[in-house]
Amino acid sequence: PVQLVCCLTSVLRVPAEAELVLEGYLEPGELGRGGAFGNHTGFYAKPSDVPVMHVTCITRRNEMIFPATVVGRPPMEDCYLAKATERLLLPILRLELAEIVDINLPLEGIFHGCAMVAMEKRHSGHPREVIDALWAKGWLADARLLVIVDADTDVHDLSLIAWKVLNIVDWQRDLVVAAAERETVPLGRLALDATRKMPDEGDGREWREEIARDRAVTDLVDKRWREYEL
């Protein structure tokens, strides 16, 4: 149980060990101009009319701790809240879309504006199904850009993602464009299917195999690195 105490200027009760308590009241319908305020997007939010709080009392602990973040062009402090959100929500996302292996929300995408998604592709057209599901609801519904890659691609390696997108994506075949469907989505959205194509979804060209180091040779070199005196 949380120990509560009465406020000094009202009948409301607040946690006894609160760092800071602002007491006050609102007049129904009273508005004041607020802003422009700096936003976590790195841009100023437009001024708007907001309810006015009349402060009647301020109480605080000695040497009060006031949690806050500095917002601005990323990376800033709040960007790491986004990375925590990414890790916390991935298991929940996989409950509905078990084919999703991992996800990366780049800091520049501001929480959910852009997502790199690795998935286990099980049949032709499967990435498009995942794209539609992500856009349909949930925390990525407003994502302006989704990039879908195969399960064996490290979504946290943005250089690797860029290399794959710029070299294997067929823009006519693999680009998905979704117009704004709701007032809350003022801009159109894009998605890229950068997965390996199956025979029935390609254009007749043979899919090229990636150049890769032999794992056994790599392990041997790592094991004997000091012997080579390099």
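Relevant structure appears above.
Report on the accompanying structure. Since this is a predicted model, take the numbers as computed values, not measurements.

Quick notes on the rules
- Residues numbered from 1 in each chain as written.
- Predicted model: local features only at pLDDT ≥ 70, side-chain atom pairs only at ≥ 80, totals over all residues.
- Heavy atoms only, no water.
- Helix = DSSP H or I, 4+ residues; strand = E, 2+ residues; numbered from the N terminus.
- Buried < 20%, exposed > 50% of the residue type's maximum accessible area, 1.4 Å probe, protein only.
- Contact = heavy atoms within 4.5 Å.
- Lys, Arg positive; Asp, Glu negative; His and termini not counted.
- Charge placed at Lys NZ, Arg CZ, Asp CG, Glu CD.
- Core = buried A, V, L, I, M, F, W, Y, C linked by side-chain atoms within 4.5 Å.
- Phe/Tyr/Trp six-rings, centres within 6.5 Å; stacked < 30°, edge-to-face > 60°.
- Lys NZ or Arg CZ within 6 Å of the ring centre and 35° of its normal.
- Salt bridge = Lys/Arg side-chain N within 4 Å of Asp/Glu carboxyl O.

1. A few points about the overall build of the protein chain
Check the secondary structure of the protein chain and you find 5 helices and 9 strands. Secondary structure elements in the protein chain, listed N-terminal to C-terminal, are β-β-β-β-α-β-β-α-β-α-α-β-β-α. Out of the 230 residues in the protein chain, the part that is buried amounts to 28%. Considering only residue pairs separated by 6 or more positions, the protein chain has 54% of its internal contacts joining residues 24 or more positions apart. Put simply, the protein chain has 27 plus and 38 minus side-chain charges, and the middle of one group is 1 Å from the middle of the other.

2. Quick notes on the nonpolar core
Soluble globular proteins tend to pack their nonpolar side chains together in the buried interior. Counting 20 residues, the largest nonpolar core has Ile100, Ile103, Leu134, Trp135 and Leu146 as its most contacted members. Breaking this core down by element, the ones donating at least two residues are helix H1 (79-96), strand E5 (100-104), strand E6 (114-119), helix H2 (126-136), strand E7 (145-150) and strand E8 (175-178). Here this core gets 4 residues from one element, more than from any other, and that element is H2. For Leu146, the residues in contact, after removing those within four places along its chain, are Ala115, Ile131, Leu134, Trp135, Leu190, Ala191 and Leu192. Core analysis: the next-biggest nonpolar cluster, separate from the first, contains 11 residues, Cys114, Val147, Val155 and Val165 among them.

3. Comments concerning the packing of aromatic side chains
The final tally for this structure, using the stated rule, is 0 aromatic pairs. Positioned above the aromatic ring of Trp135, the side-chain terminus of Arg189 is 4.9 Å from the ring centre.

4. Things to note about the side chain of Thr153
In this fold, Thr153 is placed in the loop between E7 and helix H3 (158-168). Under the relative-accessibility criterion, Thr153 is labelled buried at 5%. Excluding anything up to four places from it in sequence, Thr153 contacts Ala118, Leu160, Ile161 and Lys164.

5. Observations regarding the pattern of salt bridges
Evaluation of the coordinates by the stated rule reveals 16 salt bridges. The partner of Asp174 in a salt bridge is Lys197, and the shortest N-O contact between them spans 3.5 Å. Placement of the pair is Asp174 in helix H4 (residues 171-174) and Lys197 in the loop between strand E9 (189-193) and helix H5 (215-223), with a sequence separation of 23 residues. For the residue pair Asp174 and Lys197, the accessibility class agrees, reading buried in each case. What emerges from the salt-bridge pattern is a single network uniting Asp150, Asp152, Lys164, Arg196 and Glu210.

That is the geometry; function is a separate question.
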